There are 2 protein chains.
Amino acid sequence: MEQQIAPLARLAEQFGALPGVGRKSAQRLAHAVITMEEGKAKAFAEAILSARETIRRCALCCDWTDSDICAICRSAKRDPATLCVVEDPRDVAAIERTHEFHGLYHVLHGVISPLNGIGPEDLTVKELLARLEGGALQEIIMATNPTVEGEATAIYLSRLLLPLGVRVSRLAYGVPVGADLEYADEVTLARALEGRRSM
Amino acid sequence: MEQQIAPLARLAEQFGALPGVGRKSAQRLAHAVITMEEGKAKAFAEAILSARETIRRCALCCDWTDSDICAICRSAKRDPATLCVVEDPRDVAAIERTHEFHGLYHVLHGVISPLNGIGPEDLTVKELLARLEGGALQEIIMATNPTVEGEATAIYLSRLLLPLGVRVSRLAYGVPVGADLEYADEVTLARALEGRRSM
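Residues numbered from 1 in each chain as written. Chains lettered and ligands numbered in written order. Predicted model: local features only at pLDDT ≥ 70, side-chain atom pairs only at ≥ 80, totals over all residues. Heavy atoms only, no water.

A. How the structure looks around the pairing of strand 3 (residues 79-86) of chain B. All names here are of chain B. Judged by how many residues are buried, strand 3 sits mostly within the fold: six of eight residues are covered. Here strand 3 runs beside strand 4 (residues 103-107); their pairing, made up of five bridges, is parallel. Looking at strand 4, one finds that aspartate 79 is bridged to glycine 103. In this fold, the crossover linking strand 3 to strand 4 by way of helix 5 (residues 89-96) has right-handed handedness. The pairing of strand 3 with strand 5 (residues 139-142) spans four bridges and is classified as parallel. The residue of strand 5 that forms the bridge with valine 85 is methionine 142. (Buried < 20%, exposed > 50% of the residue type's maximum accessible area, 1.4 Å probe, protein only. Helix = DSSP H or I, 4+ residues; strand = E, 2+ residues; numbered from the N terminus. Pairing = 2+ DSSP bridges. Right-handed = clockwise from strand over helix to strand, strands pointing away.)

B. Focus on the side chain of threonine 82 of chain A. Residues and elements named next belong to chain A. Considering the arrangement of structural elements, one finds threonine 82 in strand 3 (residues 79-86). On the accessibility criterion, threonine 82 (15% relative accessible area) is buried. Polar contacts involving the side chain of threonine 82 include one to the side chain of aspartate 79, which spans 2.9 Å. What threonine 82 contacts, discounting residues up to four positions off in sequence, is Phe101, Gly103, Leu104, Leu137, Glu139 and Ile141. (Polar contact = N/O pair within 3.5 Å; in protein donor to acceptor, adjacent residues only side chain to side chain. Contact = heavy atoms within 4.5 Å.)

C. Representation of the sheet that holds strand 3 of chain A. All names here are of chain A. Strand order in the open sheet formed by four strands is 4-3-5-6, with parallel pairing between adjacent strands. This sheet does not close on itself; its edge strands, each paired only once, are strand 4 (103-107) and strand 6 (167-170). Pairs of neighbouring strands in the sheet enclose a mean axial angle of 25 degrees, with direction left out of account. Packed onto the sheet, helix 5 (residues 89-96) meets strand 3 and strand 4 and runs at close to 155 degrees relative to strand 4. (Axes fitted to C-alpha atoms, helices over the stretch in contact; angles between N-to-C directions.)

D. Expanded view of the pattern of salt bridges. All names here are of chain B. One pass over the full model with this rule turns up ten salt bridges over all chains. A salt bridge links glutamate 96 to arginine 78; the nearest nitrogen and oxygen atoms lie 2.9 Å apart. Placement of glutamate 96 in helix 5 and of arginine 78 in the loop between helix 4 (71-74) and strand 3 is noted, with a sequence separation of 18 residues between them. Residues glutamate 96 and arginine 78 agree in their burial class; the two are buried. (Salt bridge = Lys/Arg side-chain N within 4 Å of Asp/Glu carboxyl O.)

E. Region of the structure containing the interface of chain A and chain B. With 53 residues of chain A at the contact, the number on the chain B side is 53 residues. Taken together, both faces of the contact between chain A and chain B bury some 4800 Å²; the carbon and sulfur share is 69%. Across the contact surface, chain A and chain B share six residue pairs in polar contact (both at pLDDT 80 or more). Mapped onto the side of chain A that touches chain B, the elements with two or more residues apiece are helix 1 (6-16), helix 2 (23-34), helix 3 (38-54), strand 2 (64-65), helix 4 (71-74) and helix 5 of chain A. For the side of chain A that touches chain B, the leading source of residues is helix 3 of chain A, giving 15 residues. For the side of chain A that touches chain B, the class distribution of residues is 30 nonpolar, nine polar and 14 charged. (Buried area = accessible area lost by both parts, 1.4 Å probe. Nonpolar A, V, L, I, M, F, W, Y, C, P; charged D, E, K, R; others polar.)

F. Region of interest: the packing of aromatic side chains. Tallying each qualifying case throughout the model produces seven aromatic pairs over all chains. Judged by centre distance (6.4 Å) and plane angle (70 degrees), the rings of phenylalanine 44 of chain A and phenylalanine 44 of chain B are edge-to-face. Taken together, the residues span two chains, with phenylalanine 44 of chain A in helix 3 and phenylalanine 44 of chain B in helix 3 (residues 38-54). You can call phenylalanine 44 of chain B buried: its relative accessible area is 0%. (Phe/Tyr/Trp six-rings, centres within 6.5 Å; stacked < 30°, edge-to-face > 60°.)

G. Highlighting the state of the cysteines. In the structure shown here, the tally under the stated rule is zero disulfides over all chains. Here cysteine 73 of chain B stays unpaired: no disulfide links it, and the sulfur of cysteine 61 of chain B, its closest cysteine neighbor, is 3.7 Å away. (Disulfide = S-S within 2.5 Å.)

H. The environment of alanine 152 of chain B, seen in detail. Mapped onto the secondary structure, alanine 152 of chain B falls in helix 7 (residues 148-161). With a relative accessible area of 39%, alanine 152 of chain B lands in the partly exposed category.

I. Broad picture of the domain arrangement of chain A. Structurally, chain A comprises domain 1 (6-54) and domain 2 (61-170). Taking only C-alpha atoms, the centre of domain 1 of chain A and the centre of domain 2 of chain A are 33 Å apart. (Domains from an automatic or database assignment.)

J. Main features of the relation of the copies chain A and chain B. Overlay of chain A on chain B (RMSD 0.1 Å): rotation 180 degrees, translation along the axis 0.1 Å. Taken together, the rotation angle and the small translation identify this as a two-fold axis. Taking C-alpha positions as reference, the residue of chain A nearest the rotation axis is alanine 45 of chain A, located at 2.2 Å. A shared binding surface is used by both copies, with 100% of the interface residues of chain A retained as interface residues in chain B. (Least-squares fit on C-alpha atoms with pLDDT ≥ 70 in both.)

Written as structure tokens, this is what we have:
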């Protein structure tokens, strides 16, 4: 009769509202909170409030930040001539982990998805176009996901950007490093052949 | 450079400390909190605090409750002669969903696990023994998990309880309803054969 304990049911409901958390996982997480030390539960609640209150979009790249302009946009070490356009703030973190990209980012906060009613006006396209003013930008790398919607968004943006006299490129498609050719799907393999490079 | 945004990193760390939440899931959940409406984030934080503060163990069965004695132990409709011993409060919820059990519960809050340094004194064994005083109890059903540790705990408890003149039973082992025999493991299948019933 767990459902009768209102605070527990409410907490499980809150966890269940998070993306990718099912009913059983929500119950498990709610139970975990109950068995936490009291200080830890407080720290958890405070972390939620503090994150929600202090984190907003960077005024330039739209990535999450706790100041007006994020650390990457503020950095003098980054190359302002190259801009990498990604769907999600987590993609910025993924690319940063490669230590291979030294330009700036632009976070779209989504992809164009007519089925879900998401059009260019729901993304940070206006903010992206604003970044071309000033003329420092030379190349824009489309690093949206290799999905139908990511691809469509990259094509849409490239059509907007190319007439503005900037170079637009797209992440290479190919076989993932360390993977087994046998298990690569045919589309990926075809793209890897198509994009082959001389050695 | 996501890691540089302290409130976001702190929140991801909090999620990551929950059982079964890995680094990537923790990041995903933290990002979900940031994009919540502000009211929802507040409700989430409050649900954590409220659950942690108001929920404690029932003085009788040790299940979670927000009063001194839980709703099941208080209910006049439950049969006080039968007691079902489970590892975890979630197991109470699972058995309640069957609508087949009308007795009372006792929650151990764990199993005996020498490898993890958990002995009987870490479980609610003392509270279980206290429930035999009064003499209303006639049968105790061991509903610990069908694992090595759950089995060992059931055997340990039955040895404690049998000399006290109470009947002790164990959940039936067998093939799960709706499953395919072909995929049942041999131990389960052997137990199902052993426990076969005439039709």
